[in-house]
Amino acid sequence: MDIAICSDLVRKYLGRVVLSGDNYFAGLNSTVFSDGSFCYIPKDTKCPMQISTYFRINALETGPFERTLIVADDICFVEYLEGCTTPSYDRNQLHAAVVELYCSEDAEIKYSTVQNWYAGDEDGNGGIYNFVTKRGLCAGAHSNISWTQVETGSAITWKYPSVVLDGDATVEAIKSKAQNARNSSQCNSMLIGDKAAANTYPHIQIVNLSIGAFIALIFSAMAENTHMRDLQQRLDTLEQQFRAAELVHEQQYQGLQESNT
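Before going into details, it helps to say that this report is about the structure given with it. The structure displayed is predicted, hence computed values, not measured ones. (Residues numbered from 1 in each chain as written. Predicted model: local features only at pLDDT ≥ 70, side-chain atom pairs only at ≥ 80, totals over all residues. Heavy atoms only, no water.)

**Considering a negative patch on the surface**
On the surface, a cluster of negative charge is made up of Asp-90, Asp-121, Glu-122 and Asp-123. Relative to the helices and strands, Asp-90 is located in the loop between strand 4 (77–85) and strand 5 (92–95). (Patch = residues over 30% accessible without salt bridge, like charges linked within 9 Å, V, L, I, M, F, W, Y side chains within 5 Å. Areas by Shrake-Rupley, 256 points an atom, 1.4 Å probe, with all protein chains shown as cover. Salt bridge = Lys/Arg side-chain N within 4 Å of Asp/Glu carboxyl O. Lys, Arg positive; Asp, Glu negative; His and termini not counted. Charge placed at Lys NZ, Arg CZ, Asp CG, Glu CD. Helix = DSSP H or I, 4+ residues; strand = E, 2+ residues; numbered from the N terminus.)

Now the structure itself:
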């Protein structure tokens, strides 16, 4: 991305959805990234074509740390497709990318990614370590983000796609296709005040016996005049409850895998 051309927009939105301290790999990307894609759709604009980018690791002992930033201003629409691949090398390589989607009022972003990596040979030599943080923010009312991802190859993939529904009447949908994977879904709802409500309809369809799935729905209610300190303590408790439930599922999943071998 050429920051010099649109430096004000980049400074305004870069790191707004995924903070540099979000996790280790997001921090690594924030420190060393030097390329990527920046897409800004102005207000009242419908992008007439699907925007697409392609990333490829061409050299041995190198790893991309690209960053993708897509901003949809009020009352606009954009569809974006991102592809990634690599040749077959006998040494491991690291891919640590960050994707940020910012969706304003009455805007819609359709984001898709297809990753065709190299998993390594039958002796375990080579392969991509694919550690990616991807997050969308439905910041404006009636905003909509849909997320479709297809993963093939790679020695290990840790991907964290998520959407924060901040505006009123916002919508998100995430679709993922992978093999030999484990899905972990978390929905934490903090209801503040007597007029707040949460309606969650999780739907996970698995047609491959190599897939494990875990979903945790945790709800908590608090009064409107709750002190911020108490609110943070409640959020920490929710996170601890989720981690404890996820650990139990991990143990059960490993036991099931061992019984099937």
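**Observations concerning the pattern of salt bridges**
All chains considered together, the criterion is met by three salt bridges. Between Arg-135 and Asp-22 there is a salt bridge, with the nearest N and O atoms lying 2.8 Å from each other. One end of the pair, Arg-135, is in strand 8 (residues 127–138); the other, Asp-22, is in the loop between helix 1 (7–13) and helix 2 (24–32), and 113 residues separate them in sequence. The buried category is assigned to Arg-135, whose relative accessible area is 15%. (Buried < 20%, exposed > 50% of the residue type's maximum accessible area, 1.4 Å probe, protein only.)

**Points about the environment of Ser-30**
Mapped onto the fold, Ser-30 is located in helix 2. For Ser-30, a relative accessible area of 27% translates into the label partly exposed. Remark: the alpha-carbon pair of Ser-30 and Gly-15, spanning 15 residues in sequence, is separated by 8.3 Å. Setting aside its immediate chain neighbours within four residues, Ser-30 contacts Ser-20 and Arg-67. Polar side-chain contacts of Ser-30 include one of 2.8 Å to the backbone oxygen of Ala-26. (Contact = heavy atoms within 4.5 Å. Polar contact = N/O pair within 3.5 Å; in protein donor to acceptor, adjacent residues only side chain to side chain.)

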